[in-house]
2 protein chains.
Amino acid sequence: SATQTDPYGLYRVLEPQGVMPQAAWRVDNTPVCHDSEILIDVEILNIDSASFTQLKTAADNDAGKLADGVFEIVRQRGKMHNPVTGSGGMLIGRVTQIGSHIAERGDVKVGDRIATLVSLSLTPLSLRKIHRVDMRNAQLDVEATAVLFESGIFAKMPDDLPDRVALAVFDVCGAPAQTARLVQKGNTVVIFGAGGKSGLTVLAEARRQSGTGKIVAIEYGEAACERVANLGFADAVLNLDATRSADVYQAVTAALEGNLADVVINCVNVPGTEMSCILCAKDQGTVYFFSMATSFTAAALGAEGVGKDVHLMIGNGYCKGHAHHALNLLRETPALLAVFEQKFAGR
Amino acid sequence: SATQTDPYGLYRVLEPQGVMPQAAWRVDNTPVCHDSEILIDVEILNIDSASFTQLKTAADNDAGKLADGVFEIVRQRGKMHNPVTGSGGMLIGRVTQIGSHIAERGDVKVGDRIATLVSLSLTPLSLRKIHRVDMRNAQLDVEATAVLFESGIFAKMPDDLPDRVALAVFDVCGAPAQTARLVQKGNTVVIFGAGGKSGLTVLAEARRQSGTGKIVAIEYGEAACERVANLGFADAVLNLDATRSADVYQAVTAALEGNLADVVINCVNVPGTEMSCILCAKDQGTVYFFSMATSFTAAALGAEGVGKDVHLMIGNGYCKGHAHHALNLLRETPALLAVFEQKFAGR
Ligand SMILES: NC(=O)c1ccc[n+]([C@@H]2O[C@H](COP(=O)([O-])OP(=O)(O)OC[C@H]3O[C@@H](n4cnc5c(N)ncnc54)[C@H](OP(=O)(O)O)[C@@H]3O)[C@@H](O)[C@H]2O)c1
Ligand SMILES: NC(=O)c1ccc[n+]([C@@H]2O[C@H](COP(=O)([O-])OP(=O)(O)OC[C@H]3O[C@@H](n4cnc5c(N)ncnc54)[C@H](OP(=O)(O)O)[C@@H]3O)[C@@H](O)[C@H]2O)c1
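Residues numbered from 1 in each chain as written. Chains lettered and ligands numbered in written order. Predicted model: local features only at pLDDT ≥ 70, side-chain atom pairs only at ≥ 80, totals over all residues. Heavy atoms only, no water.

1. Considering the site of ligand 1
All names here are of chain A.
And step 1. The local shell around ligand 1 holds 24 residues, among which Asp48, Lys197, Ser198, Glu219 and Ala242 are the closest.
And step 2. Within the backbone of alanine 242, a nitrogen or oxygen atom sits 2.8 Å from a nitrogen atom of ligand 1.
And step 3. Phenylalanine 290 is positioned with one of its backbone polar atoms (N or O) 3.3 Å from a nitrogen atom of ligand 1.
And step 4. Surface burial for ligand 1 is 85%, taken as the share of its 930 Å² of free accessible area covered by protein chains.
And step 5. Taken together, the elements giving at least two residues each to the shell around ligand 1 come down to helix H1 (49-58) and helix H5 (197-210).
And step 6. Looking at the shell around ligand 1 residue by residue, the classes come out as 10 nonpolar, 9 polar and 5 charged.
And step 7. Viewed by domain, the shell around ligand 1 spans two of them, domain 1 (10-157) and domain 2 (174-340), each represented by three or more residues. (Near = heavy atom within 4 Å. Polar contact = N/O pair within 3.5 Å; in protein donor to acceptor, adjacent residues only side chain to side chain. Areas by Shrake-Rupley, 256 points an atom, 1.4 Å probe, with all protein chains shown as cover. Helix = DSSP H or I, 4+ residues; strand = E, 2+ residues; numbered from the N terminus. Nonpolar A, V, L, I, M, F, W, Y, C, P; charged D, E, K, R; others polar. Domains from an automatic or database assignment.)

What follows is the structure in structure tokens.
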């Protein structure tokens, strides 16, 4: 059985036994610091977009009811792991204790303000109070203690950016970092949900990488489209429902004058958009599904069904240096930073 | 609205409107040949493994009840698209008619015996009779008419191999073809479900590509492990339950003397194996999920949760030349051909 120095925190798993904390139905959230753990005094929980949408619907848009729902999930599971969407989110807080086994690591000390970059879906959380629910930004101000395992990634909070901006960008920082890897100079890129949190960072990064390549941004609704257009990174901004694959295919090929994309990146927060993405990719192109609403079978069978030889990638939330990369993207892209400040920094 | 020369068959979609045939709940299965279609007199339906397992369970392992279940699905949906698993399968039959719009294509003629390589989940099917249910091989002998759209991929049946062997290998032919692309000379490869239909082809192909690299095969149960070991392609055959990630991690690192894999390929037919695969991949390695039982969120959040910077790929069932590639793999690997003949050719 697992020792309390296991880097993955296996000893915190209560049921079922023998699985990892993320797969566990319930973990031990006792707020004590084992040898390979870091204890965090939590200030803010930043709930994953898909999860928050589900919680809001279940609570009829009532903040108080939503808070009750969060308490109930944490009471049952020992972590803020939405049982419907399967997703979590992340948190911000101050380090209060560091286990003896990792004390010599040197990249963190007691008193540091950090954001955990692993999902809340595997983070033991002892939740005492919810002070405030920010319905617009999916953030909760709380009084709580969280446990970070040795393998758990985190980032120190920057001092040149507002907390809430850093937190918002950390939540999606895998997306721009993966975009930087995927998009080559001159590539044609199509971005679904380009006006959302992850979509905006992907759009800015795609423009940096592609240079003069064509970039098509897809968003739903006038206001979101205008926000995207104002950034000036996209060659075309299409106001489209991403679930309507036939419409999407027609509009994108028209915008690209009959061509298709080298890279398609899906950043929407609704189900049913796999086929639209696949149809927009050229032969041997890549579709990167960052959206957690992606269905594995819809993507795999969809591509086969239309005979498309494309690479289908699952959006791994982690990639080395992703937090640092995303902060620098904001710092080096004032127009993007301005949108993030306006969207997330206001109280 | 869609014309009857649309290559994706949009005009056959009945509900909901505006989606592709695979996403449709119900398609028009009228057995007539529109301009961009090929009509096929079906002989055999080869049901996808995940779907057949579900059908068998629902039918209490009774062949007659299972046939009723298949009839009911086709009656409701106009296609053999399992509503529980979301998956389909493929078919074999003879071309009886070719639409005027694609008559000049030249790669197919009336009378050809072909296998459709697109999923049954989007293939309009008019099912008249089920003659026999082969419980062991998930195949049904039927009397039916199917429609292949212009974009629908297919393969001519080879005359040097038994039908059922060709059909079995076509069903999974995306897997070895993708393996050939992914595995480089000298790579370390871990294969989950290496004793199954797709797993066996992946194992053989991985050995061809990797050369002297280490290959670890994971299977569950003595018999399956012996079958794999007898092929002689794997350096280690581990008898493990792939859902037990902690056990898998320990056994694989032991077999690889503390190392991890460049490429991990998942060919199991059960859910809950994402984390095991992720833990076996080295930094910047690739995990290829061919299994349709893969959960998108479990994979994406799983990798993030343990801070693994790995490429997570959705197994696209199609890749150019995949049928041809798989047939040649069998022809050039007598030991593999022998297993397929023994497993699938027998009546
Ligand atoms: N892979 C990972 O590690 C990871 C990490 C974080 C988040 N995510 C996932 O990534 C997705 C996006 O997250 P986010 O924080 O960027 O969410 P977000 O800010 O809510 O952005 C989603 C965007 O999609 C747009 N959209 C919604 N429905 C659409 C439709 N039918 N057609 C076109 N656009 C549509 C939204 O437009 P409106 O605002 O007009 O509705 C919004 O701009 C979520 O599924 C989230 O769970 C994944
Ligand atoms: N992406 C695509 O386009 C595509 C196309 C075709 C099929 N598929 C999918 O690929 C998967 C495999 O298909 P297949 O035809 O190869 O199926 P299969 O022949 O049934 O092989 C599955 C293998 O996994 C093994 N297995 C089951 N549970 C296990 C466990 N807990 N631990 C270790 N091994 C375990 C099975 O062993 P036992 O025999 O001992 O149970 C079997 O050898 C299915 O999910 C199927 O839907 C995908």
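2. What about the UniProt feature "domain: L-erythro-3,5-diaminohexanoate dehydrogenase N-terminal" (unreviewed entry) in chain A?
And step 1. The residues that UniProt annotates with the feature "domain: L-erythro-3,5-diaminohexanoate dehydrogenase N-terminal" (unreviewed entry) are residues 12-158 of chain A.
And step 2. The straight-line gap between the two end C-alpha atoms of residues 12-158 of chain A is 31 Å; of that span, 17% is helix and 37% is strand. (UniProt positions renumbered as here; feature names shortened; annotations may be inferred.)

3. Some details on the site of ligand 2
All names here are of chain B.
And step 1. Near ligand 2 you find 23 residues, and of these Asp48, Lys197, Ser198, Glu219 and Ala242 are the closest.
And step 2. Contact between ligand 2 and glutamate 219: an oxygen atom at 2.3 Å from a side-chain N or O atom of the residue.
And step 3. Contact between ligand 2 and alanine 242: a nitrogen atom at 2.8 Å from a main-chain N or O atom of the residue.
And step 4. Relative to its unbound accessible area of 930 Å², ligand 2 is 85% covered by the protein chains.
And step 5. The class makeup of the residues in the shell around ligand 2 is 9 nonpolar, 9 polar and 5 charged.

4. Looking at the relation of the copies chain B and chain A
For the pair of chain copies, the relating operation is a rotation around an axis with a shift along it.
And step 1. You can overlay chain B on chain A at an RMSD of 0.0 Å; the transform is a turn of 180° with a shift of 0.0 Å along its axis. The transformation relating the two chain copies, once decomposed into turn and shift, fits a two-fold axis. Taking C-alpha positions as the reference, the residue of chain B nearest the rotation axis is methionine 313 of chain B, at 2.3 Å.
And step 2. Comparing interface residues between copies, 100% of those in chain B also lie at the interface in chain A; the contact surface is shared. (Least-squares fit on C-alpha atoms with pLDDT ≥ 70 in both. Contact = heavy atoms within 4.5 Å.)

5. A few points about the packing of helix H1 (residues 49-58) of chain B against helix H2 (residues 63-77) of chain B
Residues and elements named next belong to chain B.
And step 1. At their nearest, the axes of H1 and H2 sit 9 Å apart, and the two run at 120° to each other. Our classification of the angle between H1 and H2 gives oblique. The two elements H1 and H2 meet at a crossing, and its hand is right-handed. Listed contacts from H2 to Phe52, Leu55 and Lys56 of H1 are Leu66, Val70 and Ile73. (Axes fitted to C-alpha atoms, helices over the stretch in contact; angles between N-to-C directions. Parallel < 35°, antiparallel > 145°, perpendicular 65-115°, else oblique. Left-handed = near helix turned anticlockwise from the far one by under 90°.)

6. Some thoughts on the UniProt feature "domain: Alcohol dehydrogenase-like C-terminal" (unreviewed entry) in chain A
And step 1. Under the local residue numbering, the UniProt record ascribes the feature "domain: Alcohol dehydrogenase-like C-terminal" (unreviewed entry) to residues 202-292 of chain A.
And step 2. From the first C-alpha to the last, residues 202-292 of chain A spans 16 Å; its make-up is 41% helix and 26% strand.

7. Overview of the sheet that holds strand S8 (residues 154-156) of chain A
Residue and element names in this part refer to chain A.
And step 1. On the basis of which strands lie adjacent, the open sheet formed by 6 strands has the order S6-S7-S3-S4-S5-S8 and antiparallel pairing. In this open sheet, the two strands that pair with only one neighbour each are strand S6 (125-134) and S8. Ignoring strand direction, the axes of neighbouring strands in this sheet form an average angle of 30°.
And step 2. As defined by bridge partners, strand S5 (residues 113-116) adjoins S8 across 3 bridges and the pair is classed as antiparallel. In the strand pairing of S8, threonine 116 is matched with phenylalanine 154.
And step 3. Along the sheet, helix H2 (residues 63-77) contacts S6 and strand S7 (139-149); its crossing angle with S6, the most-contacted strand, is approximately 165°. (Pairing = 2+ DSSP bridges.)

8. What to know about the sheet that holds strand S5 (residues 113-116) of chain B
Through backbone hydrogen bonds, the strands of a sheet pair up, either in parallel or in antiparallel fashion.
Residues and elements named next belong to chain B.
And step 1. The 6 strands are arranged S6-S7-S3-S4-S5-S8 in an open sheet whose pairing can be described as antiparallel. With one partner strand each, in any of the chains shown, strand S6 (125-134) and strand S8 (154-156) form the two edges of the open sheet. Strand-to-strand twist in this sheet, taken as the mean axis angle between neighbours without regard to direction, amounts to 30°.
And step 2. When strand S3 (residues 37-47) meets strand S4 (residues 89-98), the two strands line up antiparallel, connected through 9 bridges. For isoleucine 40, the partnering residue across the bridge sits in S4 and is valine 95.
And step 3. Against the sheet, H1 engages S3, S6 and strand S7 (139-149), with an angle of about 60° to S3.

9. Thoughts on helix H10 (residues 322-332) of chain A
And step 1. Listing the buried residues of H10 of chain A in full gives His322, Ala323, His325, Ala326, Leu327, Leu329 and Leu330 of chain A.
And step 2. Looking at the packing, one finds that the buried side of H10 of chain A touches S8, helix H3 (163-171), helix H4 (174-182), H5 and helix H11 (334-345) of chain A. (Buried < 20%, exposed > 50% of the residue type's maximum accessible area, 1.4 Å probe, protein only.)

10. Some points on the pattern of salt bridges
Pairing between side chains of opposite charge can happen when the charged atoms of each approach one another.
Residue and element names in this part refer to chain A.
And step 1. Summed over all chains, the structure comprises 44 salt bridges over all chains.
And step 2. The residue glutamate 15 makes a salt bridge to arginine 26 at a minimum N-O spacing of 3.3 Å. Here glutamate 15 is found in strand S1 (residues 13-15), whereas its partner arginine 26 is found in strand S2 (residues 26-27), with 11 residues between them in sequence.
And step 3. According to the relative accessible area criterion, glutamate 15 is partly exposed, its value standing at 36%.
And step 4. Taking relative accessible area as the criterion, arginine 26 reaches 32% and is therefore assigned partly exposed.
And step 5. The partner of arginine 75 in a salt bridge is glutamate 72, with the nearest N and O atoms 2.8 Å apart. Taken together, the residues arginine 75 and glutamate 72, both in helix H2 and 3 residues apart, mark about one turn of the helix.
And step 6. Note on arginine 75: relative accessible area 60%, which makes it exposed.
And step 7. Looking at glutamate 72, the relative accessible area reads 34%, which means it is partly exposed.
And step 8. Residues joined in a network through salt bridges with shared partners are Arg132, Asp134, Asp141 and Arg164. (Salt bridge = Lys/Arg side-chain N within 4 Å of Asp/Glu carboxyl O.)

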